[in-house]
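Coordinate inspection notes
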Amino acid sequence: MTSEPVRIAMWSGPRNISTAMMRSFGSRRDCAVTDEPFYGAFLKKTGMKQPMADAIIASMDTDWTSVAQNMRGPIPGGKTLWYQKHMPHHMVDDVSISDFPDHRHAFLIRDPDHVVASYAAKRVDVTPEDLGYERQMGYCDHAAQMSGTAPIVLDSADVLKNPEGHLKSLCKALDISWDPAMLSWETGIRDTDGVWASHWYNRVVDTTTFAAPTHKQPSLKSAQQKTADRCRGFYNQLLDYRLKIV
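Quick look at the structure, then. Along each chain, residue indices are assigned from 1 in the same order as the chain's sequence is written. Selection of residues for local features in this predicted model requires a pLDDT of at least 70, selection of side-chain atom pairs for listing and counting requires 80 or more, and totals for whole chains, interfaces and linings are taken over all residues. Excluding hydrogens and water, the side-chain figures rest on all heavy atoms present in the structure.

1. As for empty space enclosed by the protein
What counts here: Cavity and pocket criteria rest on a 1 Å grid covering protein atoms alone: a 1.4 Å probe that fits but cannot get out defines a cavity, protein on both sides within 12 Å along at least 5 of 7 lines defines an open pocket, and an atom within 4 Å of a point defines a lining residue. Grid points are joined across faces, edges and corners, and a volume is the space filled by probe spheres set on the points. Residues are sorted three ways: Asp, Glu, Lys and Arg are charged, Ala, Val, Leu, Ile, Met, Phe, Trp, Tyr, Cys and Pro are nonpolar, and all the rest, Gly among them, are polar.
One pass over the structure, following the stated rule, counts one cavity of 30 Å³ or more. Lining of the largest cavity is provided by Gly13, Pro14, Asn16, Ile109, Arg110, Val115, Leu131, Tyr133 and Gln136. Residue composition of the lining of the largest cavity, by class: five nonpolar, three polar and one charged.

2. Brief notes about unusual backbone geometry
Worth spelling out the cut-off: Only DSSP runs of H or I reaching four residues or more are called helices, and only runs of E reaching two or more are called strands; each is numbered from the N terminus.
In the Ramachandran plot, Ile17 falls in the positive-phi region, its phi being about 50 degrees despite a non-glycine side chain. Assignment of secondary structure puts Ile17 in the loop between β1 (6-12) and α1 (18-26). With phi around 60 degrees, Asp175 is a residue other than glycine that occupies positive phi space. Positionally, Asp175 belongs in the loop between α9 (163-174) and α10 (197-200).

3. Remarks on the pattern of salt bridges
Applied cut-off: Only one rule defines a salt bridge in this text: a Lys or Arg side-chain nitrogen within 4 Å of an Asp or Glu carboxyl oxygen. Three exposure classes are used, based on accessible area relative to the maximum for each residue type with a 1.4 Å probe and protein chains only: buried under 20%, partly exposed in between, and exposed over 50%.
Inspection of the entire model under this criterion finds ten salt bridges. Two residues, Asp93 and Lys45, come together in a salt bridge whose shortest N-O distance is 3.0 Å. With Asp93 in the loop between β3 (81-86) and β4 (104-109) and Lys45 in helix α2 (residues 39-46), this pair connects stretches of sequence that are 48 residues apart. For Asp93, a relative accessible area of 26% corresponds to the partly exposed category.

4. Considerations on the pairing of β4
Formally: Strands are labelled as partners when DSSP assigns at least two bridges between them.
β4 sits mainly inside the fold: five of its six residues count as buried. Relative to β4, β1 is paired through five bridges, and the arrangement is parallel. Within the sheet, the bridge partner assigned to Ile8 lies in β4 and is Arg104. Examined bridge by bridge, β4 and strand β5 (residues 153-155) share three bridges and lie parallel to one another. Across the sheet, residue Ile109 finds its bridge partner in β5, namely Asp155.

Everything listed here is a matter of coordinates, which is why it stays silent on function.
See the structure below:
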């Protein structure tokens, strides 16, 4: 395992246990975490009407280049590990995964039917572009080209079935030490959470560990199913790379 400072870019779609994963890494004493640093820049650039959009823009650095420079800069708090939670669909400016050649890139995926159902529970309309599967697939290919190795892809359902086994495999793939502290955390909002936590994180703030897996297939309306179906091809391609327990 390397002893050099490590920056991890975890590229995840929304509604995808991405916050639980951020909690997991944040439980490590050696790890700083950053929550969707390009979200404000994305909302300002696109003008997209999302919950708390004005508050999010006001709370964040919205200059793409500045945010990217910060993500490549010193690790906060003098830590040796930096977990950065990123959303591929936020990357609509000239800044992209190619601006982070020294990061260790990984990809968190989830079955699109469950993602769309989770959005529907929040009464938020969603399009395939909002879920980012196509860009996530492109970034996955780019990460493989940069590293010369197979991409690191973690399926949310696998994590929920066996958190310890798959987190250990993730740490090995990232060439970082395994820390059992990653299996649990304290409840509540964090200073490192985005201002949007009050809207989107109502379930995860009450948790202390990864949720039990669900085996129930969600029931989607016709338009919702069409959105999920348009994402499935990219999801299936990503699924081909998913990590196995080692």
